[in-house]
Amino acid sequence: MTISLKPDFGPNDCFFPGLPKIRSLDIDLQVFTHRSFYARAAHVFEDLPGDLSPDNEKFEHLGDSVLQTCITTLLMEVFPGLRVGPATKIRSMIVANFTLAQISQKYRLPDRLRLHPAQAITLRASSNIRGCSKFLYPELTDPQFIALNFHPANVFEAFVGGLYVDQGLEPVQNWVYPLFRPYAIAAYRIAREQHGLPAMSPSFDPSTGQFSSNGTHQANGKLNGTNAQNGYHPEPSQLGNMSTIGHLALFNQHVQRSNKQVEWVYSDGSESDTAGDGNGYSDMPGLSPEVMVKGTKVTPVWYVKVIVDGQFFGKGRGNTKKAARNEAAKEGLSMLGIEVW
């Protein structure tokens, strides 16, 4: 399924960065040359040393790798606490063809692409890959023009590769970072919701648009974690004495201190309320009575309710059991009279 990101570049996209200029005329020309332009054979293992292919496919191949590197580095800077699994998922959303095609169209890169008219009309259009200035091919009729196929995402990657060859990595980063930062934040929101978490981490400061570099959260005016402000990482032997972060850990901490009995009752959406307490999974916000979303092996949905000393304390759902428990623990903390965000 294609996920459409909604980046925020300010009113009327006023913060959308301009397109850098490739200085070399030869590189610039090749970046915008589709392989159909010279009608060269596609199934060739290697070009002859004196007859290298003049199209943009090699730049596209290079640009894909450079872009992946830049986005990975950007995510490490913006979300320093993000683990590899979620980071990979977020990066995939950011560099998806659908997203790159939108950016390419915004820069009107496809308008500059050189296609061979005789072959262009035989190519097939796809839902995400249409658009070209008709002045390039005034001899084509409207149906032929609609049938033009070129990939705005590929042209964008070719431009990234060309800029890298022309000027190196730093100019690419100086352009790509502000361009993809709003996309990264939008993808981060989606990924958190898919993991059953609030859309934004408490470490995000909306006034600055920055995330805290140490990933720590503040609650009730106190910083959780031992020496967290200094980036201190405790030894394993010290973990038992340090404060914990998160609704689930805080909830467990309080019920354990009170010597209460805790029971977690799970469902994957294929069954109804098993506890018979009137507070079943089916009455969760957003779900009609006795209706539950059943997950799949790829995208599971877990429902859980927490019972403390035989009393219902909360319910939650998420893509993992832990995420569902965390949501239920948030309600449980309220039942214990503990204020949470």
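So, here's what we can say about the structure.

How each quantity is defined
Residue numbers run consecutively from 1 along every chain, following the written order of its sequence. The predicted origin of the model limits local features to residues at a pLDDT of at least 70 and limits the giving and counting of side-chain atom pairs to 80 or more, whereas totals for whole chains, interfaces and linings rest on all residues. Side-chain numbers come from the whole structure's heavy atoms, not from hydrogens or water. Within this scheme, the nonpolar core is defined by two criteria: the residues are buried Ala, Val, Leu, Ile, Met, Phe, Trp, Tyr or Cys, and they are joined through side-chain atoms within 4.5 Å. The buried label goes to any residue with under 20% of its type's maximum accessible area, the exposed label to any with over 50%, and the partly exposed label to all in between, with areas taken from a 1.4 Å probe on protein chains only. Only DSSP runs of H or I with at least four residues qualify as helices, and only runs of E with at least two residues qualify as strands; both kinds are numbered from the N terminus onward. Here, residues are in contact when the closest pair of their heavy atoms is within 4.5 Å. Orientation is described by axes fitted as lines to C-alpha atoms, over the contacting stretch for helices, and by angles from 0 to 180 degrees between their N-to-C directions. Orientation labels follow simple angle bins: below 35 degrees gives roughly parallel, above 145 gives roughly antiparallel, 65 to 115 gives roughly perpendicular, and whatever is left gives oblique. Handedness of a crossing follows from how the near helix is turned relative to the far one, being left-handed for an anticlockwise turn of less than a right angle and right-handed for a clockwise one. Under the convention adopted here, Pro, Cys and the residues Ala, Val, Leu, Ile, Met, Phe, Trp and Tyr are nonpolar, Asp, Glu, Lys and Arg are charged, and Gly plus all remaining residues are polar. Two strands are said to pair when DSSP picks up at least two bridges between them.

Overview of the nonpolar core
- Of all hydrophobic cores here, the largest spans 48 residues; its most connected members are Ile94, Phe156, Trp175, Leu179 and Phe180.
- Elements represented by at least two residues in this core include exactly α1 (25-31), α2 (57-78), α3 (84-94), α4 (97-106), α7 (152-167) and α8 (169-194).
- Here this core gets 13 residues from one element, more than from any other, and that element is α8.
- Setting aside anything within four residues of it in sequence, one finds leucine 179 in contact with Phe9, Phe16, Pro17, Ile103, Tyr107 and Phe156.
- Listed in part, the 12 residues of the second largest apolar core include Val308, Phe313, Ala324 and Ile338.

Regarding the packing of helix α9 (residues 247-257) against helix α10 (residues 321-335)
- Put simply, α9 and α10 touch, their axes get as near as 7 Å, and they point 55° apart. It follows from the interaxial angle that α9 and α10 lie oblique. By crossing handedness, the relation of α9 to α10 is classed as left-handed. In this structure, α9 uses His247, Leu248, Leu250 and Phe251 to contact α10, whose residues at the interface are Lys322, Arg325, Asn326, Ala329, Lys330, Gly332 and Leu333.

A few points about the packing of α7 against α8
- It is at 7 Å that the axes of α7 and α8 come closest, and there the two elements cross at 145°. Taken together, the residues of α8 that come into contact with α7 (itself represented by Phe156, Phe159, Val160, Leu163, Tyr164 and Gln167) are Leu169, Pro171, Val172, Trp175, Leu179 and Phe180.
- Of the residues contributing to the contact of α7 with α8, the split by class is 11 nonpolar, 1 polar and no charged.

Looking at unusual backbone geometry
- For asparagine 259, which is not a glycine, the phi torsion comes out positive at approximately 55°.
- Looking at the element boundaries, asparagine 259 is found in the loop between α9 and β5 (262-267).
- The exposure class of asparagine 259 is exposed, given its relative accessible area of 67%.
- Look at aspartate 309: it is not a glycine, yet its phi comes out positive at around 50°.
- Structurally, the position occupied by aspartate 309 is in the loop between β6 (302-308) and β7 (311-318).
- According to the relative accessible area criterion, aspartate 309 is partly exposed, its value standing at 49%.

Focus on the sheet that holds β7
- The sheet built from 3 strands is open, its strands ordered β5-β6-β7 with antiparallel pairing. At either end of the open sheet lies a strand with only one pairing partner, and these are β5 and β7. For this sheet the average axis-to-axis angle between neighbouring strands, irrespective of direction, equals 20°.
- When β5 meets β6, the two strands line up antiparallel, connected through 6 bridges. Bridge assignment links serine 267 to a residue of β6, and that residue is tyrosine 303.
- The strands touched by α9 within the sheet are β5, β6 and β7, with β5 carrying the most contacts at an inclination of about 145°.

Regarding the environment of leucine 82
- By the secondary structure assignment, leucine 82 is in the loop between α2 and α3.
- Overall, leucine 82 belongs to the partly exposed group, its relative accessible area being 24%.
- For leucine 82 and tyrosine 188, which are 106 residues apart along the polypeptide, the C-alpha to C-alpha distance reads 9.6 Å.
- Sequence-distant contacts of leucine 82, defined by excluding residues within four places in its chain, comprise Ala87, Ile90 and Tyr188.

Structural notes on the pairing of β7
- Among the 8 residues in β7, 6 count as buried, and that is most of the element.
- By the bridge criterion, 7 bridges tie β6 to β7 in an arrangement that is antiparallel. Each bridged residue has a counterpart across the sheet, and for valine 306 the counterpart in β7 is glycine 314.
- Once β6 ends, the chain turns through 2 residues before running back antiparallel as β7, passing aspartate 309 with a positive phi of about 50°.

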